[in-house]
Amino acid sequence: MNWLAALQHLTDHNESGVLITVAAVRGHAPREAGAKMVVSQGETWDSVGGGNLEATAVARARALLRTHAQAPELLTLRLNDSAPNEYGRQCCGGEVTLLFEPLATVRPHIALFGIGHVGLELALILSRLPVQLHLTDSRAAQLAPERLAGVLAGAATVHLHAVPIPELTLPDLPAGSHLIVMTHDHAEDAALCDAALRRPDLGFIGLIGSSVKWIRFREQLKAVGHAEADLERITTPIGLPGISGKAPAVIAVSVAAQLVQVLEQSSRPQPVLPPQRIS
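Model, not experiment: these values are computed from the prediction.

About the criteria used
Residues numbered from 1 in each chain as written. Predicted model: local features only at pLDDT ≥ 70, side-chain atom pairs only at ≥ 80, totals over all residues. Heavy atoms only, no water. Pairing = 2+ DSSP bridges. Helix = DSSP H or I, 4+ residues; strand = E, 2+ residues; numbered from the N terminus. Contact = heavy atoms within 4.5 Å. Axes fitted to C-alpha atoms, helices over the stretch in contact; angles between N-to-C directions. Expected span 1.5 Å × (residues − 1). Polar contact = N/O pair within 3.5 Å; in protein donor to acceptor, adjacent residues only side chain to side chain. Buried < 20%, exposed > 50% of the residue type's maximum accessible area, 1.4 Å probe, protein only. Parallel < 35°, antiparallel > 145°, perpendicular 65-115°, else oblique. Left-handed = near helix turned anticlockwise from the far one by under 90°. Nonpolar A, V, L, I, M, F, W, Y, C, P; charged D, E, K, R; others polar.

**With respect to the sheet that holds strand 6 (residues 109–113)**
- Read across the open sheet, the six strands follow the order 8-7-6-9-10-11; overall the sheet is parallel. Across the chains shown, the open sheet's two edge strands, defined by having one partner strand only, are strand 8 (157–162) and strand 11 (234–235).
- Of the strand pairs in this sheet, strand 7 (residues 132–137) and strand 8 are connected by six bridges, and their pairing is parallel. Across the sheet, Leu-135 pairs through a bridge with Leu-160, a residue of strand 8.
- Contacts between helix 5 (residues 186–197) and the sheet are confined to strand 6, strand 9 (178–181), strand 10 (205–207) and strand 11, with strand 10 contributing the most and set at about 165° to the helix.

Now the structure itself:
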């Protein structure tokens, strides 16, 4: 698999990676400017020159992956006897500048349960984002292709789940998935909240509804064994504070903005040590 196919592989498998390009060469070097490779946490594809040069590049790329870095960076290495060589000597005599570009191959998963009036409006907004969007409803007609034409035409990868028992789709969602529960049936909502709380690896869990609804749900969820700390994982009501409109489109805009905040917080880069010029 070459570096270009590797980009699609990482996207298909929702894995992070770094694209490394030989940006500039001075003197003799094992590869020419423009040579590329792709690095993930466990694999590499193609080559920027092998030896100490490539081993140093792979190590740096994986450091960027561990810290969820998003910004590109340059690293210059000299290939001579006097240069530090952590992974073996490389004496071509030239100098190579590498460009590291973290790839946007990981798309967050957002699952909407209940594609009624609000659910459809929210799906339309979220479909414009580069996300994995899961739409689940026990009413098959709510997921008819003609009804979702605008959603399916967006940038999101859309997964449709027309199932009579919506909570059965929860085990198939990857860790870190974000959920919005807003079905037409309070019994379904309660079952989904119970199932979601039994997965500690999920991300944001939002529940549409009033304070009265949540009071009742809290008692039901406590009765089946959920502690107060578990219940704190559920956010209700959903949406940004200060937006009081009840029109489906208004609610959807408010919830979408809240989800964008969650996505930005979860993808915020961690501090990473700056690369050093090796000469």
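**Some details on helix 5**
- For helix 5, spanning 12 residues, the distance from its first C-alpha to its last is 17 Å, which sits close to the expected 16 Å at 1.5 Å a residue.
- The secondary structure elements touched by the buried residues of helix 5 are strand 6, strand 9, strand 10, helix 6 (211–223), helix 7 (228–231) and strand 11.
- Of the residues that open helix 5, the one with a side-chain oxygen 2.8 Å from the backbone nitrogen of Ala-187 is Asp-185.

**Some points on unusual backbone geometry**
- Put simply, Thr-236 and Pro-237 share a cis peptide bond, and its omega is -5°.
- When you line up the elements, Pro-237 lands in the loop between strand 11 and helix 8 (248–266).
- Even without being a glycine, Asp-46 presents a positive backbone phi close to 65°.
- Relative to the assigned elements, Asp-46 resides in strand 3 (residues 44–46).
- On the basis of relative accessibility, which here comes to 36%, the residue Asp-46 falls in the partly exposed class.

**Examining the pairing of strand 1 (residues 18–26)**
- Pairing analysis gives four bridges linking strand 1 to strand 2 (residues 36–39), with the strands arranged antiparallel. What sits directly across from Val-18, in strand 2, is Val-39.
- Of the pairings in the sheet, the one linking strand 1 to strand 5 (residues 95–102) comprises eight bridges and is antiparallel in character. Across the sheet, Val-18 pairs through a bridge with Pro-102, a residue of strand 5.

**Side note on the packing of helix 3 (residues 117–126) against helix 8**
- For the pair helix 3 and helix 8, the least separation of the axes is 8 Å and the interaxial angle reads 50°. It follows that helix 3 is oblique to helix 8 by the angle criterion. Where helix 3 crosses over helix 8, the handedness of that crossing is right-handed. Of the residues in helix 8, those in contact with His-117, Val-118, Glu-121, Leu-122, Ile-125 and Leu-126 of helix 3 are Pro-248, Ala-249, Ile-251, Ala-252, Val-253, Val-255, Ala-256 and Leu-259.
- The class makeup of the residues in the contact of helix 3 with helix 8 is 12 nonpolar, one polar and one charged.

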